[in-house]
Every structure is written in structure tokens, then in C-alpha cells.
Amino acid sequence: MRWRSTRGSAGPASPDPAPVDPEALERAVVEGLLISRAAAIVSVANRIVVRALRDDDVFDHDETAASVRRTLHRLAEEQRYQNRRIGEARQKALRSKGRSRHQHDYRKGDDETLWFREKTYTAVADRLDALRDDAEYVDDIVQTAVARAWGDVGAAVVTRVRAASVVVDAAYGEARAERLAGLDDDLAELRAQAASRPAQTPGADPSSSSSS
């Protein structure tokens, strides 16, 4: 996607391209927030599972909410790191000439796109830090993470119970040959009984007996 710039084509490159499309920026920010929320849920849920299974810890809502806020701040800092990384790539691209050799080899033609990404990372970071003070948003992540965590814990418990319920008899394998030998004897007896019965005339009533 390209955004129109107010820079003249013959003039020097401006450090800041034209303002980005606010609707496009908002869509990108919303998408970034959804990805960050999913990452926060997974991170907090994993922490709950570890504390429950390894540390035998009791769930504490306030402590978990604090963990959510720390996670949101960490994710915000990751966005700011990406902002700095893209900023450096953009400055390098402005000085680069020729054609790009791969998708991450940026040139002047990528200036506005990289600028848009810079603005997106910054906006997502600021929103995440603001959401740390949104009690409803934090609580929603807590509840979703708890549901995910206890689902994982329940699955782990069921797996343990199933594994414990399978009892292997050490003598079972040793007695296998004896059991098979007994089966062969039973089959041989059945074959002998079948061979000793009189042949059945086709169409005859098996319930009738011949008279002398």
C-alpha cells in the first residue's frame, strides 16, 4: 500500500513523509492490539499452569492482574523496539540506491511504507500502556487466561490419571505361551467333536431323527 506524499519528486527526501491515512492506521493498530492480547493471554495462562502444577500455588486474582499489566508493558516495549528497528531500516533505505535484492532490502521507494509501520508500532505501544490502567480490559484477559490455563491443567490431570490407571501385570507376558498352548488344545478338541458328528443330508430337518 502507498500513501501520497507532499514531497516534490525533484526535491530532497524529507525525514517525515506525508501524514498517513488515519483509517488505515487505525485498522493496523486494532490488528496489532488483537495480536498482543492473544500473546498476553497465552503468556499469563502458561504462568498460571506452571504455578499450579510445579509450585502447587493457589490462584490469586490480584496477583494475576498484576502479571497481566506487566505483560502488557513488556509487549509495549517490544513494539517500541520494532519501531526503532524499522526507523533505522528506513534511514538506511533513504541512502540506498538501485533495486532491492530481497523483501527486506529496502530502498527509497519503501519510505512511506516504513514510515507507516513506524507510526503503527508507536500507536500500538501507547495503546497497550494505556490499557494497563483499564481494569475491565485487564480483568477480561485474566478470565480468559484462567479458562485456558485450567483447561490445560485439566487435560494434564486426565492424562496422569489415565497413565496411572494402566496396570501392567509382570506375569502377563510370561504366561502368554501357556495361554496360547491351552487355546490350541481347545481348538483341537472342537475340531475333533465336529469330525465325529454324522454328516447332515442337504435339505433334511436337523431336529428329526431316523427310525430303525
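Residues numbered from 1 in each chain as written. Predicted model: local features only at pLDDT ≥ 70, side-chain atom pairs only at ≥ 80, totals over all residues. Heavy atoms only, no water.

Asker: Quick one: what's the story with the overall build of the protein, residue by residue and with numbers?
Answerer: Along the protein, the regular secondary structure elements total 6 helices and 0 strands. Written out in order from the N terminus, the α and β elements of the protein read α-α-α-α-α-α. Taken across its 212 residues, the protein has 28% of its residues classed as buried. Counting only carbon and sulfur atoms, one obtains 54% of the accessible surface of the protein, whose full area is about 15000 Å². (Helix = DSSP H or I, 4+ residues; strand = E, 2+ residues; numbered from the N terminus. Buried < 20%, exposed > 50% of the residue type's maximum accessible area, 1.4 Å probe, protein only. Areas by Shrake-Rupley, 256 points an atom, 1.4 Å probe, with all protein chains shown as cover.)

Asker: Can you tell me about the pattern of salt bridges, naming the residues and giving the values?
Answerer: Per the counting criterion, the structure on display carries 9 salt bridges. Between Asp-140 and Arg-37 there is a salt bridge whose closest N-O contact spans 2.5 Å. Note that Asp-140 is positioned in helix H4 (residues 135–165) and Arg-37 in helix H1 (residues 22–53), a separation of 103 residues in sequence. Overall, Arg-37 belongs to the partly exposed group, its relative accessible area being 23%. (Salt bridge = Lys/Arg side-chain N within 4 Å of Asp/Glu carboxyl O.)

Asker: How would you sum up the nonpolar core? Please name residues and give values.
Answerer: With 31 residues, the main nonpolar core has Val-68, Leu-72, Leu-128 and Ile-141 as its most contacted residues. Ranked by residue count, the leading element in this core is H1, at 11 residues. (Core = buried A, V, L, I, M, F, W, Y, C linked by side-chain atoms within 4.5 Å.)

Asker: Residue-level account of H1, with values.
Answerer: Compared with an ideal rise of 1.5 Å per residue, which puts 32 residues at 46 Å, H1 spans 46 Å between its outermost C-alpha atoms and is within 8% of the ideal. Put simply, Asp-21 is the residue that caps the front of H1, since its side-chain oxygen is 3.0 Å from the backbone nitrogen of Glu-23. (Expected span 1.5 Å × (residues − 1). Polar contact = N/O pair within 3.5 Å; in protein donor to acceptor, adjacent residues only side chain to side chain.)

Asker: Any chance you could break down the confidence of the model for the protein for me, citing the residues and the numbers?
Answerer: With 55% of its residues at a pLDDT of at least 70, the protein reaches an overall mean of 74. Per-element averaging of pLDDT across the protein places helix H5 (residues 170–174) at the bottom with 57 and H1 at the top with 93. In this model residues 207–212 is a low-confidence stretch, pLDDT under 50, and it forms 0 contacts with partners more than four residues away in sequence or in other chains. (pLDDT = per-residue confidence, 0-100. Contact = heavy atoms within 4.5 Å.)

Asker: A description of the environment of Arg-80 should follow, citing residues and the corresponding values.
Answerer: Counting through the fold element by element, Arg-80 comes out in helix H2 (residues 61–95). A C-alpha to C-alpha distance of 6.3 Å links Arg-80 and Ala-125, two positions 45 residues apart in sequence. Residues within four places of Arg-80 in sequence aside, it is in contact with Ala-125, Asp-126 and Asp-129. Within the structure, Arg-80 has its side chain in polar contact with the side chain of Glu-77 (distance 3.0 Å). In this structure the side chain of Arg-80 is engaged in a polar contact, spanning 2.9 Å, whose partner is the side chain of Asp-129.

Asker: Tell me about the environment of Trp-115, and please be specific about residues and values.
Answerer: When you line up the elements, Trp-115 lands in helix H3 (residues 111–131). Residue classification places Trp-115 among the buried residues on the basis of a relative accessible area of 13%. A sequence separation of 29 residues divides Trp-115 from Ile-86, and the C-alpha atoms of the two residues are 8.2 Å apart.

Asker: So, the side chain of Ser-36: which residues are in play, and what are the values?
Answerer: For Ser-36, the location among the structural elements is in helix H1. Discounting residues that sit within four places of it in the chain, Ser-36 has contacts with Leu-75, Gln-79, Val-124 and Leu-128.

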